[in-house]
Amino acid sequence: MVKDRVGPAARGATTIADRVVAKIAAQAAREALEAVPEGGSAPHASVVVHRDVARVSVSLELDYPSDIGRRCGAVRGRVRRRVEELAGIEVHEVAVHVERLHSARTAHHRERGRLA
């Protein structure tokens, strides 16, 4: 007697929690930036996944001066690639929010007790 084999799609499903995808996105943003500005915070991300499609929001801080558009574009590309590679989830949107710019001049004045 030969039993019918169940195909892989019928055996079950793998679900990846939004918070896991958010951690992947935040790490990818850190990789794209290469360094956190002195006195700054590491990037953080939030994610909404619906039917294997993700919308990602990344908040980060950058050095000033820098090419903000180029750096945000690099973050968007890296986050999209890494989430798709590691989680197998299609990314339709990556919104990048620059929360703060860090200037070496401002940091120097802050150390001396004043801001310019």
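Structure shown above.
A brief structural summary. (Residues numbered from 1 in each chain as written. Predicted model: local features only at pLDDT ≥ 70, side-chain atom pairs only at ≥ 80, totals over all residues. Heavy atoms only, no water.)

Moving on: the overall build of the protein. A count of helical and extended segments in the protein gives four helices and three strands. Overall, the protein shows an N-to-C arrangement of helices and strands of α-α-β-β-α-β-α. For the protein, buried positions account for 28% of its 116 residues. Partitioning the intrachain contacts of the protein with sequence separation of at least 6 by distance along the chain shows that 63% fall at a separation of at least 24. (Helix = DSSP H or I, 4+ residues; strand = E, 2+ residues; numbered from the N terminus. Buried < 20%, exposed > 50% of the residue type's maximum accessible area, 1.4 Å probe, protein only. Contact = heavy atoms within 4.5 Å.)

A few words now on a nonpolar patch on the surface. A contiguous nonpolar surface patch, about 330 Å² in accessible area, is contributed by Tyr-64, Ile-68, Val-98 and Leu-101. Relative to the helices and strands, Val-98 resides in strand E3 (residues 90–103). (Patch = residues over 30% accessible without salt bridge, like charges linked within 9 Å, V, L, I, M, F, W, Y side chains within 5 Å. Areas by Shrake-Rupley, 256 points an atom, 1.4 Å probe, with all protein chains shown as cover. Salt bridge = Lys/Arg side-chain N within 4 Å of Asp/Glu carboxyl O.)

On to unusual backbone geometry. Here the amide bond leading from Tyr-64 into Pro-65 is cis, since omega sits at 0°, within 30 degrees of zero. Within the element layout of this structure, Pro-65 appears in the loop between strand E2 (53–64) and helix H3 (68–87). You will see that Arg-51, though not glycine, has its phi angle at about 55°, which is positive. Tracing the sequence through the fold places Arg-51 in the loop between strand E1 (44–50) and E2. One non-glycine residue, Asp-52, lies in positive phi territory at about 60°.

Read from one edge to the other, the open sheet built from three strands follows the order E1-E2-E3, with strand pairing classed as mixed. The sheet terminates laterally at E1 and E3, the two strands that pair on one side only. On average, adjacent strands in this sheet sit at an angle of 15° to one another, irrespective of strand direction. Taken strand by strand, helix H2 (residues 18–33) contacts E1 and E2, and its axis lies near 135° from that of E1. Running over the sheet, H3 touches E2 and E3 and is turned about 140° from E3. (Pairing = 2+ DSSP bridges. Axes fitted to C-alpha atoms, helices over the stretch in contact; angles between N-to-C directions.)

We now examine the side chain of Arg-71. Note on placement: Arg-71 falls in helix H3. There is no salt bridge for the buried Arg-71, and the closest opposite charge comes from Asp-63, which lies 4.7 Å off by N-O distance. Leaving out residues up to four positions away in the same chain, Arg-71 has contacts with Leu-33, Ala-35, Leu-62, Asp-63 and Ser-66. (Lys, Arg positive; Asp, Glu negative; His and termini not counted.)

Turning next to the nonpolar core. Judged by nonpolar contacts, the single largest core of 24 residues is most densely connected at Val-56, Val-58, Leu-60, Val-75, Val-79, Val-83 and Val-94. Broken down by element, this core gets its largest block of residues, eight residues, from H2. Residues contacting Val-79, with those up to four places away along its chain left out, are Ala-25, Ala-28, Ala-29, Val-56, Val-58 and Val-94. (Core = buried A, V, L, I, M, F, W, Y, C linked by side-chain atoms within 4.5 Å.)

Bringing the pairing of E1 into the picture now. Sheet analysis places E1 next to E2, joined by seven bridges and oriented antiparallel. Its bridge partner being in E2, Val-49 is matched across the sheet by Ala-54.

You can see Glu-38 is positioned in the loop between H2 and E1. When the C-alpha positions of Glu-38 and Ser-103 are compared, they lie 8.9 Å apart, and in sequence the two are 65 residues distant.

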